[in-house]
Amino acid sequence: AAGPLPVGTAVRTAIEIARGVAVLHAAGVIHRDLKPSNILFADATGAHVLIADLGLAKAIAHASGFTLVVGSPGYMAPEQAVHGGGIDVRADVYAIGALTHHMLTGRPPAEEGTRRGPRLPRQFEGVVRKAIRPRREDRYPTATALADAFDRALRRSATRPRRAARVAAAVLIAAAVALGS
């Protein structure tokens, strides 16, 4: 409600959500209704999340037979809006991407053709955009693959300031040497 989360907090939370959902997938379950109210924090630090409300969850083995349109607008994958859309784990990947978009910008992704929403942080934009691609074939294949992509992007973003600081220090040293000569 207060707007975007700090970038590091949002991405670490997204990684926790994706890893939790991967456990569901490994157990043969698709959640189908990941949204903010279904993500709970296990402690006051927010370091661990719990995936709640498995009321719409279904066995992956029966995914091709889903006929009802279920999910929450803004977070459900496009194929969930089609009767008999034959969803798979990539529907949850989409929802994790939409949740991450919301955490990083303060609102879920805008629907195709609507007004442009707030910008995602550049270092995570590609990961989020791939997770919420309309065609499921273009998304990450699993929640684990999405978590790994966020983890790599987070590590890259953590090293950038150090590199920038080294470059700035080298420039200052070179300028000082040039002025002193």
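Look above for the structure.
Rules of the game
Residues numbered from 1 in each chain as written. Predicted model: local features only at pLDDT ≥ 70, side-chain atom pairs only at ≥ 80, totals over all residues. Heavy atoms only, no water. Helix = DSSP H or I, 4+ residues; strand = E, 2+ residues; numbered from the N terminus. Expected span 1.5 Å × (residues − 1). Buried < 20%, exposed > 50% of the residue type's maximum accessible area, 1.4 Å probe, protein only. Salt bridge = Lys/Arg side-chain N within 4 Å of Asp/Glu carboxyl O.

**Let's talk about unusual backbone geometry**
Here comes step 1: Its identity is not glycine, yet arginine 32 carries a phi of approximately 75°, on the positive side.
Here comes step 2: Structurally, the position occupied by arginine 32 is in the loop between strand E1 (29–30) and strand E2 (39–41).

**A word on helix H2 (residues 90–105)**
Along an α-helix, residues three or four apart share an orientation, since each turn contains 3.6 residues.
Here comes step 1: Given a rise of 1.5 Å per residue, 16 residues ought to cover 22 Å, and the 22 Å separating the end C-alpha atoms of H2 matches this to within 8%.
Here comes step 2: With respect to burial, H2 is a largely interior element, 15 of its 16 residues being buried.
Here comes step 3: Within two residues after H2, glycine 106 carries a phi angle of roughly 95°, on the positive side.

**Looking at the pattern of salt bridges**
Here comes step 1: One pass over the structure, following the stated rule, counts 10 salt bridges.
Here comes step 2: Aspartate 148 is the salt-bridge partner of arginine 19, the closest N and O atoms lying 2.9 Å from each other. Highlighted residues: arginine 19 in helix H1 (residues 7–26) and aspartate 148 in helix H4 (residues 143–180), separated in sequence by 129 residues.
Here comes step 3: With relative accessibility at 29%, the residue aspartate 148 sits in the partly exposed group.
Here comes step 4: Residues lysine 35 and aspartate 33 are paired through a salt bridge, measuring 3.5 Å at the closest nitrogen-oxygen approach.
Here comes step 5: For aspartate 33, a relative accessible area of 6% puts it in the buried group.
Here comes step 6: When salt bridges with common partners are traced through the structure, they connect Arg135, Arg136, Glu137 and Asp138 into a single cluster.

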